[in-house]
Amino acid sequence: MIPAIEKDSLEEIKIFQEKKLTELLEYISKNSPFYKRLFAGQNIDISKIKTLEDLQFLPVTTKEDLQQYNDDFVCVAQNKIIDYASTSGTLGDPVTFGLTDSDLDRLAYNEAISFACAGIADGDVVQLMTTIDRKFMAGLAYFLGLRKLKVGVIRVGAGIPEMQWDSILKYNPTYLITVPSFLLKLIEYAEIHGIDYNNSSVKGAVCIGESLRDQDFSMNTLSKKITDKWNIKLFSTYASTEMSTAFTECEHGNGGHHHPELIIVEVLDENNIPVKNGESGELTFTTLGIEAMPLLRFKTGDIVQLHNEPCACGRNTLRVGPVIGRKKQMIKYKGTTLYPPAMNDVLSGFDNIENHIIEISTNELGTDEIVIKIAVKNQTPEFLQEIKDHFRAKLRVTPKIEFASKEVLNPLVFNPMSRKPIRFFDYRS
């Protein structure tokens, strides 16, 4: 199930997207109170925006804009809103998104072609290990997309390894949708309770919320720890509520595939100018085909690289590489630039570590200070030194590391109000 546009040439894809961009600009200039005001205030003539390159002459939209003027982004009457979703508020106040009937169809289409990219097809059964309530767009999107693929869905929800295994052994799902670190808990439970997980029905997992790969697309420590024990295929995804679109890996594992019929993608530098090919920058997108709350040049805060070479799967679309880090989570420490994913990967390599958090604050010199708190099975000075040596070898710096108990860390990491584990706490002034 590869849409024809994704097999077209790059020039054909560009022409298609430029036509859709013109339609979007006309739509938001008539229907969006926010963009009407923005275009008028900055004397923007949308008729002059003809190509993707012309996008850089338009202003960007930020998370702060959405938080401050949430209702002004809505382009339809309230009675047209069928579903209300909200962002997780990872770096600020949550934002509400309304979806029309048409938007829900678009969401289902996006997930269907994304799951098909990962090899899920008619005849499969998928166990959904994420919440579908609490205004969580992704959980609903997964269900709608799988339904469109005519795939069976087991809506177990998040957590509780015993319940997950009971369901796996009863219903025989072929794929799981889950946060990847939870797969380690499933493995641990299976080993303790004598479940032969390598002879289960599960052959793959679509993973959300945590990275599976390094920048060269090799498996990172977390995905190695899973697949060294459980012989299943892992597929990485990248998505957000704001874009209502997913970038999902195919079987070749070379980045999340772009759906050009749904979204225009840019990677921008500090001055909102597109970076050169192969350079990293902030992922910025323009949505296509959204009726209720379309967005123009929305800056995600995520630092990524794009990959443009054709994929062996037959798609000619660009691919988004693993997130290097979030722009607001960048840390300057002893002359080195760090992002939390790199530190998480170092810590994932130690079986003795049961949980961890990373705390960032501003010290008396006005520079960034890092404290990593770890809960371990066996506390020894030698182990602490081993971790510090590993940080120095991998990242060239050694942050402060402290032992803590699971009882203290677990409620922070697995906050019931959050949809994914929280390991980064930023207390900088």
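Residues numbered from 1 in each chain as written. Predicted model: local features only at pLDDT ≥ 70, side-chain atom pairs only at ≥ 80, totals over all residues. Heavy atoms only, no water.

Trainee: Give me the sheet that holds strand β17 (residues 353-362): which residues, what numbers.
Mentor: Spatially, β19-β18-β17-β20 is the arrangement adopted by the four strands of the open sheet, whose pairing is mixed. Taken across any chain shown, the strands that pair with only one partner, and hence form the sheet edges, are β19 (400-403) and β20 (424-426). Across the sheet, the axes of successive neighbouring strands diverge by a mean angle of 20°, strand direction being ignored. Seen against the sheet, helix α9 (residues 340-348) touches β17, β18 (368-376) and β20 and runs at an angle of roughly 150° to β17. Of the strands in this sheet, β17, β18 and β19 are in contact with helix α10 (residues 381-395), which crosses β19 at around 150°. (Pairing = 2+ DSSP bridges. Helix = DSSP H or I, 4+ residues; strand = E, 2+ residues; numbered from the N terminus. Axes fitted to C-alpha atoms, helices over the stretch in contact; angles between N-to-C directions. Contact = heavy atoms within 4.5 Å.)

Trainee: Could you give an account of the pattern of salt bridges, naming the residues involved and the relevant values?
Mentor: Under the definition given, this model contains 24 salt bridges. Here R297 makes a salt bridge to E266, at a shortest N to O gap of 3.0 Å. Of this pair, R297 sits in the loop between β11 (280-287) and β12 (298-307) while E266 sits in strand β10 (residues 263-268), placing them 31 residues apart in sequence. With a shortest N-O distance of 3.0 Å, D368 and R428 are connected by a salt bridge. On the criterion of sequence distance, the pair formed by D368 in strand β18 and R428 in the segment after β20 is long-range, its members being 60 residues apart. (Salt bridge = Lys/Arg side-chain N within 4 Å of Asp/Glu carboxyl O.)

Trainee: How would you summarise the packing of helix α4 (residues 101-117) against helix α5 (residues 137-148) if you had to cite specific residues and measurements?
Mentor: In the contact formed by α4 and α5, the axes pass within 7 Å of each other and the chain directions differ by 70°. Here α5 runs roughly perpendicular to α4, going by the angle between their axes. Contact residues: L104, L107, A108, Y109, E111, A112 and F115 in α4; M137, L140, A141, Y142, L144, G145, L146 and K148 in α5. Residues that form the contact of α4 with α5 fall into these classes: twelve nonpolar, one polar and two charged. (Parallel < 35°, antiparallel > 145°, perpendicular 65-115°, else oblique. Nonpolar A, V, L, I, M, F, W, Y, C, P; charged D, E, K, R; others polar.)

Trainee: Would you mind going over the domain arrangement of the chain in detail, with residue names and values included?
Mentor: Structurally, the chain comprises domain 1 (1-325) and domain 2 (330-427). A C-alpha centroid distance of 28 Å is found between domain 1 and domain 2. Between domain 1 and domain 2, the contact holds 21 residues from the first and 14 residues from the second. Buried surface at the junction of domain 1 and domain 2, both sides included, amounts to about 1300 Å², of which 53% is carbon and sulfur. Summed over the shared surface of domain 1 and domain 2, the result is one salt bridge. The salt bridge involving D351 is made with K225; its shortest N-O contact spans 3.3 Å. Counting every contact that joins domain 1 to domain 2 gives three residue pairs in polar contact (both at pLDDT 80 or more). Elements represented by at least two residues in the side of domain 1 that touches domain 2 include exactly α7 (180-192) and α8 (221-227). (Domains from an automatic or database assignment. Buried area = accessible area lost by both parts, 1.4 Å probe. Polar contact = N/O pair within 3.5 Å; in protein donor to acceptor, adjacent residues only side chain to side chain.)

Trainee: Lay out the UniProt feature "domain: AMP-dependent synthetase/ligase" (unreviewed entry) in the chain in plain terms, naming residues and giving numbers.
Mentor: The sites that UniProt annotates as "domain: AMP-dependent synthetase/ligase" (unreviewed entry) are residues 149-285. For residues 149-285, the end-to-end C-alpha separation is 26 Å, with 23% helix and 28% strand making up the annotated structure. (UniProt positions renumbered as here; feature names shortened; annotations may be inferred.)

Trainee: An account of the nonpolar core is needed here, citing residue identities and associated values.
Mentor: Membership of the largest hydrophobic core comes to 36 residues, with the highest contact counts inside it found for L25, Y35, F39, L66, L283, L295 and L296. Counting residues per element, the ones that place at least two in this core are α1 (10-31), α2 (33-41), β10, β11 and β12. Excluding its chain neighbours within four sequence positions, the residues that come into contact with L295 are L24, Y35, L66, F73, F97, E242, F285, T286 and T287. Ranked by size, the runner-up nonpolar core spans 22 residues in total, among them Y333, M343, V346 and L384. (Core = buried A, V, L, I, M, F, W, Y, C linked by side-chain atoms within 4.5 Å. Buried < 20%, exposed > 50% of the residue type's maximum accessible area, 1.4 Å probe, protein only.)

Trainee: Which residues make up unusual backbone geometry, and what values go with them?
Mentor: Not every positive phi belongs to a glycine, and F217 is a case in point at roughly 75°. When you line up the elements, F217 lands in the loop between β6 (204-207) and α8. Residue F217 is classed as buried on the basis of its relative accessible area of 13%. Positive phi, close to 50°, is recorded for S244, a residue that is not glycine.

Trainee: Summarise the environment of Q68; cite the residues concerned and give the values.
Mentor: Structurally, Q68 can be placed in helix α3 (residues 63-68). When its relative accessible area of 57% is taken as the criterion, Q68 is described as exposed. Residues Q68 and V95 lie 27 residues apart in sequence; the distance between their C-alpha atoms is 9.3 Å. Polar side-chain contacts of Q68 include one of 3.2 Å to the side chain of Y69.

Trainee: Lay out the packing of α1 against α2 with the relevant residues and their values.
Mentor: As a packed pair, α1 and α2 sit with axes 6 Å apart at the nearest point and diverge in direction by 100°. By the criterion of interaxial angle, the relationship of α1 to α2 is roughly perpendicular. Contacts from L25, I28, S29, K30 and N31 of α1 reach α2 at P33, Y35, K36 and F39. Split by residue class, the contact of α1 with α2 holds five nonpolar, two polar and two charged.

Trainee: I'd love a proper account of the pairing of β17, names of residues and values included.
Mentor: Across the ten residues that make up β17, a large majority, seven, are buried. Where β17 lies against β18, nine bridges are found, and the strand directions are antiparallel. Note on β18: the bridge partner recorded for I357 is K373. Adjacent in sequence and paired antiparallel, β17 and β18 are bridged by five residues, among which G366 carries a positive phi angle near 85°.

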